[in-house]
Amino acid sequence: MNSEVRVRFAPSPTGYLHVGGARTALFNWLHARHCGGKLVLRIEDTDKARNSQEAVQVILDGMRWLGLNWDEGPEVGGAYGPYFQSEREEIYERYFQELKAGGHLYEDNGSWRFRSPREIVVVDDMICGRIEFDLSNPGTHPDITIRRPDGSWIFHFVNVVDDIEMKITHVIRGEDHLSNTPKHLELFKVLGRTPPRYGHIPLILNKDGSKMSKRDEGASITTYIEAGYVPEAVRNYLCMLGWSPKDNREKIDIEETIRIFELEKVNRRNAHFDLDKCFWINGQYLAQMSIERFRELSIPFLQKAGVVFGSNEALTPVLTIVKEKIKHLTEVPAWVSYFFTEDYAFDPEAKQKTLSPAHAADRLRELAGAFASTDPWDVAAIEACLKTTASRLGIKTGELVHPTRVAVSGRSVGPSLYHMLEVLGRDRTVARMRHTADSHCG
Ligand code: GLU
């Protein structure tokens, strides 16, 4: 007997990947990785009207962004394909004939229905526990349709056929499918196949307890990608929607999660979605991230914003001093772009406030002159020079710090000034201060 664990994520391509779907994919992936099994990605695209290549792409992109690799499925292949239901017509036809020959189907106004055996069906769920469903009453449990008059297939039937054909051992899916499961078990039974084990994951609700919908903030994985979240942080947050390491930790490394994840430990109560918490975990990941990973994540955002940063060697010191300020990766270009061009923009408000007073140009020239002979050029020397100059001019340190920052970056916010000037280099600092004194003051 083949004891390999085989799970599947079986999304319908609706045009977006919902956090609930992503969490289902994640729990399947965790179970597969924990058990050394296989994750199958199957696209349930029998509803032709709603399907498109783009809608599938959103799912693939979202899973890849979250680092959820699949062992079989679109773009990967595998022994049990095709992995799009729209391409599995012959298989469904074969099972349809089998059911029909066994007398389990009947025609009803052009559609085909499955004749329920009308028994009590027990779902022994790995998360929800043992549940008995009494299907004896056709009034409350009418026979399900498996094929429409136009020949197209209904979800229940193709879902079961594919789970059989793809040798799925564990079905991990949203609790909204729990009530479908007894019907699926009936199909397994009449087809004479052993059903998989089921694990239904509780729903994700909004903070206020309402059901999370497509329109709720944070519902679509694409918004996290576009808003510059850290993928491993979002994945960590999704783990916490129904699972936890039971020791109050919220940030937990994925390798450890894989090691200790157990489907039976998934919470039976509904999870409550909290975007603030996700944001907080994202901040934790950013704070503890290596500079190499931060650079890797930042580069696509820099490229998209058209920031020409030259080499990794040039970028690394800049990223090192801004990293602690970044909350979303989308902010990176604005925080670093002025390091890489002499043609940086001036924030009008900052310029008005710090560069318009009559004395601004003279003070900048004075400090630039002192900087010009500062050697070595490091944080301590820069700070000492600025403070000495301030006291010589009889002004407070801040009265030099703010105009200098705006002069060299065009912005009133940024990393620590002394670090920023060190990275910028002495010559560029002096040149920028002088140019600003000549062209942007008064
Ligand atoms: N296509 C179904 C859905 O997206 C799959 C359900 C299942 O995992 O069995 O809800």
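Presented here is an overview of the structure given in this document.

Cut-offs applied
- Residues numbered from 1 in each chain as written.
- Predicted model: local features only at pLDDT ≥ 70, side-chain atom pairs only at ≥ 80, totals over all residues.
- Heavy atoms only, no water.
- Near = heavy atom within 4 Å.
- Polar contact = N/O pair within 3.5 Å; in protein donor to acceptor, adjacent residues only side chain to side chain.
- Areas by Shrake-Rupley, 256 points an atom, 1.4 Å probe, with all protein chains shown as cover.
- Nonpolar A, V, L, I, M, F, W, Y, C, P; charged D, E, K, R; others polar.
- Pairing = 2+ DSSP bridges.
- Helix = DSSP H or I, 4+ residues; strand = E, 2+ residues; numbered from the N terminus.
- Axes fitted to C-alpha atoms, helices over the stretch in contact; angles between N-to-C directions.
- Salt bridge = Lys/Arg side-chain N within 4 Å of Asp/Glu carboxyl O.
- Buried < 20%, exposed > 50% of the residue type's maximum accessible area, 1.4 Å probe, protein only.
- Core = buried A, V, L, I, M, F, W, Y, C linked by side-chain atoms within 4.5 Å.
- Contact = heavy atoms within 4.5 Å.
- Arc of directions from axis to C-beta.
- Phe/Tyr/Trp six-rings, centres within 6.5 Å; stacked < 30°, edge-to-face > 60°.
- Lys NZ or Arg CZ within 6 Å of the ring centre and 35° of its normal.

Below, the discussion takes up the site of the ligand. Lining the immediate environment of the ligand, one finds Arg 8, Ala 10, Pro 11, Ser 12, Glu 44, Phe 155, Asn 159, Arg 173 and His 177. At 2.8 Å, a backbone N or O of Ala 10 approaches a nitrogen atom of the ligand. Within the side chain of Ser 12, a nitrogen or oxygen atom sits 3.1 Å from a nitrogen atom of the ligand. Its free accessible area being 300 Å², the ligand has 81% of it covered by the protein chains. Of the residues contributing to the shell around the ligand, the split by class is three nonpolar, three polar and three charged.

In this section: the sheet that holds strand E7 (residues 145–147). Spatial strand order, E3-E4-E7: three strands in an open sheet with antiparallel pairing. Every other strand in the sheet has two partners, leaving strand E3 (105–108) and E7 as the edge strands with one partner each. Across the sheet, the mean angle from the axis of one strand to that of its neighbour is 45°, orientation sign disregarded. Of the pairings in the sheet, the one linking strand E4 (residues 111–114) to E7 comprises two bridges and is antiparallel in character. The residue of E7 that forms the bridge with Trp 112 is Arg 147.

Attention shifts here to the pattern of salt bridges. In total, this model carries 35 salt bridges according to the counting rule given. With a shortest N-O distance of 3.0 Å, Glu 119 and Lys 189 are connected by a salt bridge. A residue pair is termed long-range when its members are at least 10 positions apart, and Glu 119 in the loop between E4 and strand E5 (120–125) and Lys 189 in helix H5 (residues 181–190) qualify at 70 residues. What makes Glu 119 partly exposed here is its relative accessible area of 34%. By relative accessible area, Lys 189 is classed as exposed at 55%. Across the salt bridge formed by Glu 262 and Lys 265, the nearest N and O atoms sit 3.6 Å from each other. Connected through salt bridges with shared partners, the residues Arg 8, Arg 42, Glu 44, Arg 88, Asp 162 and Asp 163 form a single ionic network.

Grouped together as the largest cluster of nonpolar side chains are 108 residues, with contacts concentrated most on Tyr 224 and Phe 371. In terms of residue count, helix H1 (residues 19–35) provides more of this core than any other element does, eight residues in total.

Attention now moves to the environment of Leu 203. Note that Leu 203 resides in the loop between strand E9 (197–201) and strand E10 (204–205). On the accessibility criterion, Leu 203 (24% relative accessible area) is partly exposed. Measuring from C-alpha to C-alpha, the distance between Leu 203 and Leu 30 comes to 18 Å, with 173 residues separating the pair along the chain. Ignoring anything within four residues of it in the chain, the contact list for Leu 203 reads Arg 23, Glu 175, Asp 176, Lys 211, Asn 270 and Ala 271.

Here we come to the environment of Phe 371. Relative to the helices and strands, Phe 371 resides in helix H14 (residues 360–372). Here Phe 371 falls in the buried class, since its relative accessible area comes to 0%. It is 9.2 Å that separates the C-alpha atoms of Phe 371 and Ala 381, two residues lying ten residues apart in sequence. Once residues within four sequence positions are removed from consideration, Phe 371 is found in contact with Trp 377, Ile 382, Cys 385, Leu 386, Leu 421, Arg 426, Thr 429, Val 430 and Met 433.

Moving on: helix H13 (residues 348–355). Listed as buried for H13 are Ala 350, Thr 354 and Leu 355. Taken down its axis, H13 places every buried residue within 80° of arc, on the same side. Exposed residues pointing more than 90 degrees away from the buried face of H13 are listed as Pro 348, Glu 349, Gln 352 and Lys 353. Buried residues in H13 make contact with H14, helix H16 (398–409) and helix H18 (426–439).

This paragraph deals with the pairing of E3. Here E3 pairs with E4 via four bridges, running antiparallel. Opposite Asp 108, over in E4, you have Ser 111 as the bridge partner. Hairpin connection between E3 and E4: a loop of two residues separates the two successive antiparallel strands, and Asn 109 in this loop has a positive phi of roughly 55°.

You can see Gly 78 is positioned in the loop between helix H2 (53–65) and helix H3 (89–101). For Gly 78, the residues in contact, after removing those within four places along its chain, are Glu 72 and Tyr 83.

Counted by the stated rule, this structure contains eleven aromatic pairs. Judged by centre distance (5.2 Å) and plane angle (85°), the ring pair of Phe 371 and Trp 377 falls under edge-to-face. Among the aromatic side chains, those forming a connected cluster through ring pairs are Tyr 92, Phe 96, Trp 112, Trp 153 and Phe 157. Arg 23 extends its terminal NZ or CZ atom over the ring of Phe 27, reaching a point 5.8 Å from the ring centre. Above the plane of the ring of Phe 96 lies Arg 147, whose end atom (NZ or CZ) is 4.7 Å from the centre.

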